[in-house]
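Analysis of the macromolecular model
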Amino acid sequence: MRHASTNYTHNQDMAEHNIVGNIGEEIACQMMRKKGFRIAETNWRFGHLEMDIIAINRRKIVFVEVKTRTSTFGNKRAEEYVDELKKRRMVAAANAYIKMNQIEQVPRFDIIGLIMNPLTHEIIESTHLEDAFDPAVRTIGKSTFSGEDRWHHRHKTIGGKR
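What counts, and where the lines are drawn
- Residues numbered from 1 in each chain as written.
- Predicted model: local features only at pLDDT ≥ 70, side-chain atom pairs only at ≥ 80, totals over all residues.
- Heavy atoms only, no water.
- Phe/Tyr/Trp six-rings, centres within 6.5 Å; stacked < 30°, edge-to-face > 60°.
- Helix = DSSP H or I, 4+ residues; strand = E, 2+ residues; numbered from the N terminus.
- Lys NZ or Arg CZ within 6 Å of the ring centre and 35° of its normal.
- Salt bridge = Lys/Arg side-chain N within 4 Å of Asp/Glu carboxyl O.
- Buried < 20%, exposed > 50% of the residue type's maximum accessible area, 1.4 Å probe, protein only.
- Core = buried A, V, L, I, M, F, W, Y, C linked by side-chain atoms within 4.5 Å.
- Contact = heavy atoms within 4.5 Å.

**Let's talk about the packing of aromatic side chains**
One pass over the full model with this rule turns up five aromatic pairs. Here Trp44 and Tyr97 contribute two aromatic rings whose centre-to-centre distance is 5.1 Å and whose plane-to-plane angle is 90°, an arrangement assigned as edge-to-face. On the criterion of sequence distance, the pair formed by Trp44 in strand β1 (residues 38-46) and Tyr97 in helix α2 (residues 84-101) is long-range, its members being 53 residues apart. Positioned above the aromatic ring of Tyr81, the side-chain terminus of Arg69 is 4.4 Å from the ring centre.

Below you can see the structure in the form of structure tokens.
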């Protein structure tokens, strides 16, 4: 009996986690729309790669990671949970999306961090880090970014040789 109770609690926690994440992503989409972007994709997946939001305007395509938390556990802000591995995966996902869709806009990587009241689901704090990091990391093809070659995605890549 105790085991079943533990599973039930775990399932409730996972359901709440999903609700919090979904609300956070919808709020992040609203934030991007207010800044003049059209939401092209949400929860886009390609193999093991995923992107929370892909937003586009005439000049840029923005790949957005959304971190929604119900506390500042460990005195960390929500956006601080995006580590180097996650950044590399974001760049790999962006690389795949740009190649697959022959994107011409200049890419940017944003992080939106939200702190939410766990009872009311009201947003207590929001942070939008535009151009949050320079994608000087490896991509799918194991090539590194360098200088001007970084954004020559017209040649179907955002990194490596043209």
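**Description of the pattern of salt bridges**
A full pass over the atoms with the stated rule returns eight salt bridges. Of the charged contacts, one joins Arg33 and Glu26 as a salt bridge, the two residues approaching to 3.6 Å between their closest N and O atoms. With relative accessibility at 43%, the residue Arg33 sits in the partly exposed group. A relative accessible area of 38% places Glu26 in the partly exposed class.

**So, the nonpolar core**
Grouped together as the largest cluster of nonpolar side chains are 18 residues, with contacts concentrated most on Trp44, Met51, Ile54, Ile61, Phe63, Tyr97 and Phe109. For this core, the elements supplying multiple residues, two or more each, are β2 (49-56), β3 (60-69) and α2. With eight residues, the single largest contributor to this core is α2. Setting aside its immediate chain neighbours within four residues, Met51 contacts Thr42, Asn43, Trp44, Phe63, Val64, Met90, Ala93 and Ala94. Membership of the second largest hydrophobic core comes to 13 residues, among which are Ala28, Met31, Ile39 and Leu114.

**A look at the side chain of Arg108**
Mapped onto the fold, Arg108 is located in strand β4 (residues 106-116). Here Arg108 falls in the buried class, since its relative accessible area comes to 9%. In this structure Arg108 touches Met32, Phe37, Lys60, Ile61, Val62, Phe63, Glu130 and Asp131, once residues within four positions along its chain are discounted.

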